[in-house]
Amino acid sequence: MTVLHVLLIGAGTMGNVHGEAFATMENAVLAGIVDKNLDKAKNLAGKLQTKAFQTFEEAIKTLNKVDVVSICLPTPFHKPFLKKAADQGLDVICEKPLARNLDDAREMIEYCKKKDVKLFVGHVVRFFPEYVRAKKIIEEGTIGNTAVVRTFRGGGFPFGSDDWYADYEKSGGLVLDMIIHDFDFLRWCFGEVERVYAKSIKDGNLKRIDYSLVTLRFRNGVIAHVEGSWAHQTFTTRFEFAGQSGIIEHDSSKSVPVVFEGRKKSASGGGVAVPESPLKNNPYFVELDHFIHCIETGNDPVVTAEDAYKAMEIALSALQSIETGREVVINENQKEEAQIR
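What counts, and at which threshold
- Residues numbered from 1 in each chain as written.
- Predicted model: local features only at pLDDT ≥ 70, side-chain atom pairs only at ≥ 80, totals over all residues.
- Heavy atoms only, no water.
- pLDDT = per-residue confidence, 0-100.
- Contact = heavy atoms within 4.5 Å.
- Disulfide = S-S within 2.5 Å.
- Helix = DSSP H or I, 4+ residues; strand = E, 2+ residues; numbered from the N terminus.
- Buried < 20%, exposed > 50% of the residue type's maximum accessible area, 1.4 Å probe, protein only.
- Pairing = 2+ DSSP bridges.
- Axes fitted to C-alpha atoms, helices over the stretch in contact; angles between N-to-C directions.
- Core = buried A, V, L, I, M, F, W, Y, C linked by side-chain atoms within 4.5 Å.

Enquirer: Explain the confidence of the model for the protein chain here, please?
Expert: Any region with low pLDDT has predicted coordinates that should not be read closely. Put simply, the protein chain has an average pLDDT of 90, and 88% of its residues get 70 or more. Here residues 256-270 is a poorly scored stretch, pLDDT under 50, and it has 31 contacts once near neighbours within four places are set aside; other chains count. Every residue in residues 333-339 is under pLDDT 50, and counting partners more than four places away or in other chains gives 19 contacts.

Enquirer: Even after reading the chapter, I still don't get the state of the cysteines, so can you show me in this structure?
Expert: Here, the word disulfide means a covalent bond between the sulfur atoms of two cysteines. Enumeration over the complete set of coordinates arrives at zero disulfides. In this model Cys-72 remains outside any disulfide bridge; the closest cysteine sulfur is found in Cys-94, 8.3 Å from its own.

Enquirer: Would you mind going over unusual backbone geometry with me for this structure?
Expert: The phi torsion of most residues other than glycine is negative, and most of the peptide bonds are trans. Each neighbour pair has its own omega, and for Lys-96 with Pro-97 the value is -15°, a cis peptide bond. Here Pro-97 shows up in the loop between strand E5 (91-95) and helix H5 (102-114). The phi dihedral of Gln-49 is positive, around 55°, even though this residue is not glycine. Structurally, Gln-49 is set in the loop between helix H2 (38-48) and strand E3 (51-53). Phi is positive for Asp-116, which is not a glycine, with a value near 60°. Among the structural elements, Asp-116 can be located in the loop between H5 and strand E6 (119-122). Overall, the relative accessible area of 69% leaves Asp-116 in the exposed class.

Enquirer: Which parts of the structure should I look at to understand the sheet that holds strand E7 (residues 146-154)?
Expert: In any sheet, the strands associate via hydrogen bonds between backbone groups, in a parallel or an antiparallel arrangement. Pairing within the open sheet is mixed, and its seven strands lie in the order E12-E11-E7-E10-E9-E8-E15. The strands lining the two open edges of the sheet, one partner per strand, are strand E12 (247-251) and strand E15 (328-329). Summarising the sheet, strand E8 (residues 193-200) and E15 pair through two bridges and their orientation is antiparallel. The residue of E15 that forms the bridge with Arg-195 is Val-329. Packed onto the sheet, helix H9 (residues 180-190) meets E7, strand E9 (211-218), strand E10 (223-229) and strand E11 (236-243) and runs at close to 160° relative to E7. On top of the sheet, helix H11 (residues 305-324) reaches E8, E9 and E15; it is set at about 50° to E8, its chief contact.

Enquirer: I'm lost on the nonpolar core in this one. Help?
Expert: One recurring pattern in soluble globular proteins is that nonpolar side chains are buried together. Residues Leu-119, Phe-183, Leu-186, Leu-216 and Phe-241 are the most contacted members of the largest nonpolar core, which totals 82 residues. Looking at which element gives the most residues to this core, the answer is H11, with 11 residues. Ignoring sequence-local partners within four residues, the contact set of Leu-186 consists of Val-149, Thr-151, Gly-191, Leu-216, Phe-218, Ala-224, Val-226 and Phe-241. Membership of the second largest hydrophobic core comes to 26 residues, among which are Ala-11, Met-25, Leu-44 and Leu-48.

Written out as structure tokens, the structure is:
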């Protein structure tokens, strides 16, 4: 069995999630943790029995072996660290969204191809069992042809290092950072999106509250209403798929995946809601273990970098619709229509 050595970049909320997963895998070793806040890196490294570093360069110089870099940083830092990793010939696992705009995302994908390294993007909803089950039921035709979909994903406004989520030029708000999960999942189920229309209250007088409702029309005729909120106390997800013969429903507040959500800003910059699972291996572990297996075998992942790009295209189209008040038609030949800087 091949054992891959992983260097984790970022010791925040998702860094903790990735670190704990890699630390317990049979076919991976958490070689080290990098964070500009060395105390954060040391705290997590101490818990996971690995080494802490303040810079990527120091880690690469010090460690005997690194095969994979896992990037768990705020979105604006994804591209520079991806390039650093690719320059070292290291495969890359990057948290979503891949970038803040489509040009950067395309550059990152092509850069990894040029350097002949693999790129995986963390769209973890494809690994949540309730979503996987819903897709299977849809594919089996149990509810007939799906006509209308409703999804909800919401919780409190997240805190991150330097409060970067509140800077929409960096984060893209909940549309790009959170409900992009639902865009990816729905595209996985129904194919390409043709039209996007969205409304949001993020520009009102309310502080640290974000709410958006996005309507998607797929090329196959399915209409989806995707609702996102950073105005709730407790993180929950819901979905409803209505077809000719029945309805599929799920509400996380009424079932067992539970959620960890930090309610107060901490010195470590925590406070981002992270869905959890009662399963022995939670969906984040399953996702990352899948990526490691793909590196070992050369198999294609369940979610590709191109899938991550297309999810961004939908999210950025929604942001454009919010700004213009108009419907956006996604045209693959004119990607600038779907791009917000």
